[in-house]
Amino acid sequence: MDKLLQCGVIGAGVFGTFHTRKYQGRDRAALVGVYDADIDRARTAVSEADGARAFDDLSALLEVCDAVTIASPATLHGEQALAALKAGCHVLVEKPLAISAEAADRCVREAEARQLVLQVGHQERFVFDAMGVFDVQEIPERIYARRFGPFSDRGADVSVTMDLMIHDLDLALRLADCPAVSIAGETRSERTDNADYSHAEIVFENGMVAELEASRLAEDRDRVMRIEYPSGVLNVDFVAKTFDNGTPFDLNADFASDPKAADSLGANVSAFIDSILDGAPVAIPGRQALDAVRLAEIIDADKTALSED
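The present account deals with the structure reproduced in this document. (Residues numbered from 1 in each chain as written. Predicted model: local features only at pLDDT ≥ 70, side-chain atom pairs only at ≥ 80, totals over all residues. Heavy atoms only, no water.)

As a further point, take the state of the cysteines. Scanning all chains against the criterion turns up 0 disulfides. Unpaired in this structure, C7 has its nearest cysteine sulfur neighbour in C65, at a distance of 7.2 Å. Using a relative accessible area of 0% as the deciding quantity, one classes C7 as buried. (Disulfide = S-S within 2.5 Å. Buried < 20%, exposed > 50% of the residue type's maximum accessible area, 1.4 Å probe, protein only.)

Relative orientation of the contacting elements helix α4 (residues 74–86) and helix α5 (residues 101–114) amounts to 15 degrees, with a least axis distance of 9 Å. Judged by the inter-axis angle, α4 sits roughly parallel to α5. By crossing handedness, the relation of α4 to α5 is classed as left-handed. Facing α4, whose interface residues are G78, A81, L82, L85 and K86, α5 presents R106, C107, E110, A111 and R114. Of the residues contributing to the contact of α4 with α5, the split by class is 5 nonpolar, 1 polar and 4 charged. (Axes fitted to C-alpha atoms, helices over the stretch in contact; angles between N-to-C directions. Helix = DSSP H or I, 4+ residues; strand = E, 2+ residues; numbered from the N terminus. Parallel < 35°, antiparallel > 145°, perpendicular 65-115°, else oblique. Left-handed = near helix turned anticlockwise from the far one by under 90°. Contact = heavy atoms within 4.5 Å. Nonpolar A, V, L, I, M, F, W, Y, C, P; charged D, E, K, R; others polar.)

Within the largest apolar cluster, 82 residues are counted, with the highest numbers of intra-cluster contacts made by L97, L169, I202 and F204. Among the elements that make up this core, the one with the highest residue count is helix α7 (residues 160–176) (11 residues). If we ignore the near neighbours within four places in the chain, the residues touching L169 are T161, I202, L212, A292, L295, A296 and I299. (Core = buried A, V, L, I, M, F, W, Y, C linked by side-chain atoms within 4.5 Å.)

Let us look at the pattern of salt bridges. In the structure shown here, the tally under the stated rule is 23 salt bridges. Among the salt bridges present, the one from K260 reaches D258, with a minimum N-O distance of 3.5 Å. What emerges from the salt-bridge pattern is a single network uniting R28, D274 and D278. (Salt bridge = Lys/Arg side-chain N within 4 Å of Asp/Glu carboxyl O.)

Moving on to helix α9 (residues 264–278). Taking 1.5 Å of rise per residue, the 15 residues of α9 would be expected to cover 21 Å, and the 20 Å separating its terminal C-alpha atoms lies within 8% of that figure. Burial analysis of α9 places 11 of its 15 residues in the buried class, which makes it a mostly covered element. For α9, the full list of buried residues reads S264, L265, G266, A267, N268, V269, A271, F272, I273, S275 and I276. Count one or two residues on from α9 and you reach G279, which has phi positive near 75 degrees. (Expected span 1.5 Å × (residues − 1).)

A word on unusual backbone geometry. Following K95, the chain continues into P96 via a peptide bond in cis, with omega recorded as -10 degrees. Secondary-structure assignment places P96 in the loop between β5 (90–94) and α5. Residues other than glycine seldom take positive phi values, yet D177 does so here, at roughly 60 degrees. In this fold, D177 is placed in the loop between α7 and β8 (180–188). A relative accessible area of 62% means that D177 is categorised as exposed. Even without a glycine there, the phi angle at K241 is positive, about 55 degrees. Relative to the helices and strands, K241 resides in the loop between β12 (232–237) and β13 (242–245).

Next up on the list: the pairing of strand β6 (residues 118–121). Of the two faces of β6, both are covered, the one formed by L118 and V120 as well as the one formed by Q119 and G121. Two strands pair when backbone bridges link them, and β5 and β6 are joined in this way by 4 bridges, in the parallel orientation. Bridge assignment links V91 to a residue of β6, and that residue is L118. The parallel pair β5 and β6 is bridged by α5, and the resulting crossover is right-handed. (Pairing = 2+ DSSP bridges. Right-handed = clockwise from strand over helix to strand, strands pointing away.)

With that settled, the discussion passes to the packing of aromatic side chains. In this description, an aromatic ring pair is defined by two values, namely the gap between the centres and the angle between the planes. Per the stated rule, a full pass over the model turns up 5 aromatic pairs. Pairing F128 with F238 gives two aromatic rings, centres 5.8 Å apart and planes at 15 degrees, and the pair type is stacked. Here the residue F128 occupies a position in helix α6 (residues 124–131), and F238 occupies one in the loop between β12 and β13, the gap between them amounting to 110 residues. Taken individually, F128 and F238 each receive the classification buried, so the pair is uniform in this respect. Considering the side-chain rings of F243 and F255, the 5.6 Å spacing of their centres and the 10 degrees angle between planes classify their relative orientation as stacked. Remark: F255 occurs in the loop between β13 and α8 (259–262) and F243 occurs in strand β13; sequence separation between them is 12 residues. For F255, a relative accessible area of 1% translates into the label buried. Put simply, the rings of F128, F134 and F238 touch in pairs and so form one group of aromatic residues. Of note, R147 hangs over the ring of F238, and the distance from its end group to the ring centre comes to 5.0 Å. One Lys or Arg, R191, reaches over the ring of F151 and ends 4.1 Å from the middle of that ring. (Phe/Tyr/Trp six-rings, centres within 6.5 Å; stacked < 30°, edge-to-face > 60°. Lys NZ or Arg CZ within 6 Å of the ring centre and 35° of its normal.)

Below you can see the structure in the form of structure tokens.
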């Protein structure tokens, strides 16, 4: 390439700072700027990045970028992703893609119409890829996932379904590899106006059942998944990055040292750049992320069945 891919980051909070660092030192991409409504936070985020500028005008950042990462609060994801796509930028947006299926669908349609990469930050997929789970040909009969953690203001602008359970909704969709046909969802609010505890049971078209729980009311982080195959059971601990393999499948027990699992955020950024520059398949396409948002929206509404649409 004659020119490095010009990249920007939208949002200078914790995750925005992480993404800013991932762009630094890339061979084929350059960080040109960081946007935040608080210009001082944007200046702090670019303080160690040579040549990068701080912006408090989103349009001005988009004018100088080929691609952007969106790491702002989740309530802004949909509108900022749509604005970036309309400006002609490829987009990597942290999960969830948007906080409504309608907003997520607008982003997907815009990206497809403009033939732009729209990738979403469901980083747990890289962990499963490092383990070899996605190479297993057998379809699970049932999965159970629990994703608990202590309360934090970060992420509290949306439901725990959209903030935490969304990871397991995405994994369940990929493991089932078919649409959901029914959902029973229940939520509870204690610390915020949104759901702070969420429970769902989802039945997929092929008969796989997923029981998922998420809470931000727990004392400690607890993130596990049990995958029941016809031939055995796999228990995964996402916090410890270990698994207990009771299946006949040759999975990678040393997956924690694989770069995709050790630095899943960096792996996502690398995959994003490869998709833009090389035409590699998008690692987590917007249309698949839309499916997870649809399920989360139904669960948060405490509905007991998929609407017909």
